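Spelled out from the first residue to the last, the chains are:
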Amino acid sequence: MVSSSVIGSLASRAVFLMSSHISSRADSATYASHTVDATNALQTWYNRNTGLWDTTGWWNSANCLTTLADFAIIDPAASDSLNIPEIIQNTYDQAQKTTVQATKVLSPAGLPVSSYVRVSKRSELDKRGFDNFLNDYYDDEGWWALAMIHSYDVGVRGIGDQQYLQAAVDIFEDMKKGNSSCGGIYWSKVTPYTNAIANELYLSVAASLANRIPSRKDYFLDTAKTQWNWFKNSGMINGDNLINDGLTDDCKNNGMQTWTYNQGVILGGLVELSTATGDRSLLTQAQTIASAAITKLSKDGILFEGCEPNCGSDGSQFKGIFMRNLHYLQKAAPMDAVKNFLLNNADTIWAKNRNDQNQLGGAWLGPFSNATAGTQSSALDVLVAAVGVA
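The rules behind each value
Residues numbered from 1 in each chain as written. Predicted model: local features only at pLDDT ≥ 70, side-chain atom pairs only at ≥ 80, totals over all residues. Heavy atoms only, no water. Helix = DSSP H or I, 4+ residues; strand = E, 2+ residues; numbered from the N terminus. Buried < 20%, exposed > 50% of the residue type's maximum accessible area, 1.4 Å probe, protein only. Contact = heavy atoms within 4.5 Å. Areas by Shrake-Rupley, 256 points an atom, 1.4 Å probe, with all protein chains shown as cover. Disulfide = S-S within 2.5 Å. pLDDT = per-residue confidence, 0-100. Salt bridge = Lys/Arg side-chain N within 4 Å of Asp/Glu carboxyl O. Axes fitted to C-alpha atoms, helices over the stretch in contact; angles between N-to-C directions. Parallel < 35°, antiparallel > 145°, perpendicular 65-115°, else oblique. Left-handed = near helix turned anticlockwise from the far one by under 90°. Nonpolar A, V, L, I, M, F, W, Y, C, P; charged D, E, K, R; others polar. Phe/Tyr/Trp six-rings, centres within 6.5 Å; stacked < 30°, edge-to-face > 60°. Lys NZ or Arg CZ within 6 Å of the ring centre and 35° of its normal. Core = buried A, V, L, I, M, F, W, Y, C linked by side-chain atoms within 4.5 Å. Expected span 1.5 Å × (residues − 1). Polar contact = N/O pair within 3.5 Å; in protein donor to acceptor, adjacent residues only side chain to side chain.

K.L.:
Got a minute to help me understand the overall build of the protein in this structure?
P.N.:
The number of helices and strands found in the protein is 14 helices and 6 strands. Counting only residues that meet the buried cut, the protein has 62% of its 390 residues in that class. Within the protein, contacts between residues separated by at least 24 positions form 70% of all contacts whose residues are at least 6 apart in sequence. Working note: accessible area of the protein is about 14,200 Å², and carbon and sulfur atoms make up 49% of it.

K.L.:
Please clarify how the state of the cysteines should be interpreted in this entry.
P.N.:
Here a disulfide denotes a covalent bond joining the sulfur atom of one cysteine to the sulfur atom of another. For the coordinates displayed, the defined rule picks out 2 disulfides. What pairs with Cys182 in a disulfide is Cys251, and their sulfur atoms sit 2.1 Å apart. Classification of the bridge connecting Cys182 and Cys251 rests on its S-S torsion, roughly -85 degrees, and on that basis the disulfide is left-handed. With a gap of 69 residues between them, Cys182 in the loop between α7 (164-175) and α8 (196-210) and Cys251 in the loop between α9 (217-232) and α10 (260-277) connect regions that are remote in the sequence. We classify Cys182 as buried; its relative accessible area is 16%. Across the disulfide from Cys307 sits Cys311; the S-S distance is 2.0 Å. Looking along the S-S bond of the Cys307-Cys311 disulfide, the torsion reads about 105 degrees, which is the right-handed sense.

K.L.:
It is not clear to me how the confidence of the model for the protein should be interpreted in this structure. Could you clarify?
P.N.:
Per-residue confidence for the protein averages 90 on the pLDDT scale, and 89% of its residues sit at or above 70. This stretch, residues 121-130, has a pLDDT under 50; its non-local contacts, to residues over four places away or in other chains, come to 20 contacts.

K.L.:
Help me out: how do you make sense of the pattern of salt bridges in this one?
P.N.:
Side chains carrying opposite charge are able to pair once their charged atoms draw close together. Enumeration over the complete set of coordinates arrives at 13 salt bridges. With a closest N to O distance of 2.6 Å, Asp174 and Lys189 form a salt bridge. Note that Asp174 is positioned in helix α7 and Lys189 in the loop between α7 and α8, a separation of 15 residues in sequence. In this structure Asp174 comes out as buried when scored by relative accessible area, which is 11%. A salt bridge links Asp381 to Arg324, with the nearest nitrogen and oxygen atoms 3.1 Å apart. Of this pair, Asp381 sits in helix α14 (residues 373-389) while Arg324 sits in helix α12 (residues 312-332); the two residues are 57 residues apart in sequence, bridging distant segments of the chain.

K.L.:
Before we go on, may I ask you to explain the packing of helix α3 (residues 58-74) against helix α5 (residues 84-95) in this structure?
P.N.:
When two helices pack together, their arrangement is given by the angle between their axes and by how far apart the axes lie. In the contact formed by α3 and α5, the axes pass within 10 Å of each other and the chain directions differ by 155 degrees. Between α3 and α5, the angle is such that the two are roughly antiparallel. Crossing of α3 against α5: the hand is left-handed. Facing α3, whose interface residues are Trp58, Leu65, Leu68, Ala69, Phe71 and Ala72, α5 presents Ile84, Ile87, Ile88, Thr91 and Ala95. Considered class by class, the residues forming the contact of α3 with α5 number 10 nonpolar, 1 polar and no charged.

K.L.:
Which parts of the structure should I look at to understand the packing of α3 against α12?
P.N.:
Relative orientation of the contacting elements α3 and α12 amounts to 30 degrees, with a least axis distance of 11 Å. As summarised for this structure, α3 and α12 are arranged roughly parallel, according to the angle between their axes. Relative to α12, α3 is oriented so that their crossing is left-handed. Every residue of α12 that contacts α3 at Trp59, Asn60, Asn63, Thr66, Thr67, Asp70 and Ile74 is listed here: Ser313, Asp314, Gln317, Phe318, Ile321, Arg324, His327 and Tyr328.

K.L.:
What is the right way to read the environment of Asn233 from this model?
P.N.:
As for its placement among the helices and strands, Asn233 is situated in the loop between α9 and α10. Asn233 sits 231 residues away from Val2 along the chain, and the two C-alpha atoms are 8.7 Å apart.

K.L.:
Sorry, what's going on with the packing of aromatic side chains here?
P.N.:
Each aromatic ring pair is summarised here by two numbers: the centre-to-centre distance and the angle between the ring planes. All chains considered together, the criterion is met by 20 aromatic pairs. Here the aromatic rings of Tyr219 and Phe220 are separated by 5.1 Å at their centres, their planes lie at 70 degrees, and the arrangement is edge-to-face. A relative accessible area of 0% places Phe220 in the buried class. Put simply, the rings of Trp58, Tyr92, Phe133, Trp144 and Tyr164 pair up and form one aromatic cluster. Its end group placed over the ring of Phe304, Lys299 keeps NZ or CZ at 4.0 Å from the ring centre.

K.L.:
When you look at the nonpolar core in this model, what are you seeing that I'm missing?
P.N.:
Looking at soluble globular proteins, one finds that nonpolar side chains tend to be buried together. Counting residues in each nonpolar core, the largest one holds 124 residues, and the members touching the most others are Trp53, Trp144, Leu209, Trp228 and Leu326. Examining the composition of this core, we find that 11 residues originate from one element, α8, more than from any other. In this view, Leu326 contacts Leu267, Ala290, Ile294, Val338, Phe341 and Leu342; residues no more than four positions away in its chain are not counted.

K.L.:
I would appreciate a short explanation of α14 in the present structure.
P.N.:
Side chains that are three or four residues apart share a direction in an α-helix, a result of its 3.6 residues per turn. In this model α14 runs 24 Å from its N-terminal to its C-terminal C-alpha over 17 residues, within 8% of the 24 Å that 1.5 Å per residue would give. Among the 17 residues in α14, 16 count as buried, and that is most of the element. A side-chain oxygen of the first residue of α14 lies 3.2 Å from the backbone nitrogen of Gly374; this N-cap is Thr372.

K.L.:
Teacher, can you tell me more about the side chain of His34 here?
P.N.:
Mapped onto the elements of the fold, His34 is located in helix α2 (residues 28-42). Within the structure, His34 has its side chain in polar contact with the side chain of Trp350 (distance 3.1 Å). Those residues in contact with His34 that lie beyond four places of it in its chain are Trp350 and Leu383.

K.L.:
Explain the environment of Ala78 to me, please; I cannot follow it from the model alone.
P.N.:
One can find Ala78 in helix α4 (residues 76-82). Between the alpha carbons of Ala78 and Val36 there is a distance of 7.2 Å; along the sequence they are 42 residues apart. With residues near it in sequence (within four places) discarded, Ala78 still touches Val36 and Phe71.

Listed below in structure tokens is the structure:
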């Protein structure tokens, strides 16, 4: 259950959030320029044949696509110059022609470790069933559903049978089959683990579809409301208003890590649910979780992941997901401290975590060390948010 007692602490910590020793702040045009430069760097890893980003995983590529779609919504002119609509179309088309075999385990430290093997399919599909956005892991599916929804929001409807919103609906229907004995859904079809991220994604997808398909709003909204009612009472939200990784076999909080992305996806889900229901108290509950995360998961005013500097491909994506969803919350319920936090992180990344090729690493406080498409898109989420709030 979310406690609202710490909401005010977010505003009271505004000075703390400015403590990373950056002496100047960029303006919106400068953030947009930085975002274009960082996007061009991201695209050096883009594989047009697979529609995915090399150096990172299958679910990470869905997040890369979501990041680009979000920037396209904010700055259509820059989007056109970067050819983002065509990238969306190509990813939609090519990613489903690549069979990706996935395995996931939790490291001893509780960090998800995903392994993917790509196997090329025949060049033409007999039928487009969106089967290649589905695999054995419901969290992977949720990332691709959100990527399709945000691609739809760009206004790119695709060519021929490219129907992004329908792809998201098909993914949702598959996720709906994952009923957990604890409530909500399982992490995967092969491991009976009830974790936070799959369930937050399920909520976010359901609420997002309710807001985009008026003729079926009640159908999706019923799932979203049921999902939030269960989630907030599941025990995964701890006494610090942070979300642990999941539940034990007997459906108790397992006390595992409070990864930043677990604090993030729920924010976007609650924003969508608030939009669908008109209930703004949901935004207050989201602000409580955001406040706890900013306060407890930052170092010197900059978001910090507990696995740094060795977060691997999965963990390197987490922080950007939090910041992306914090941006959604800021748009719905603005707070000066959140704006300062987003901009301070953007300024710090650009000043301390960038090489001369505009590649961005995983340690946002710097120094720069080894970028991948995952670290790049994660940091890019912050730059996109800065454009949106500056």
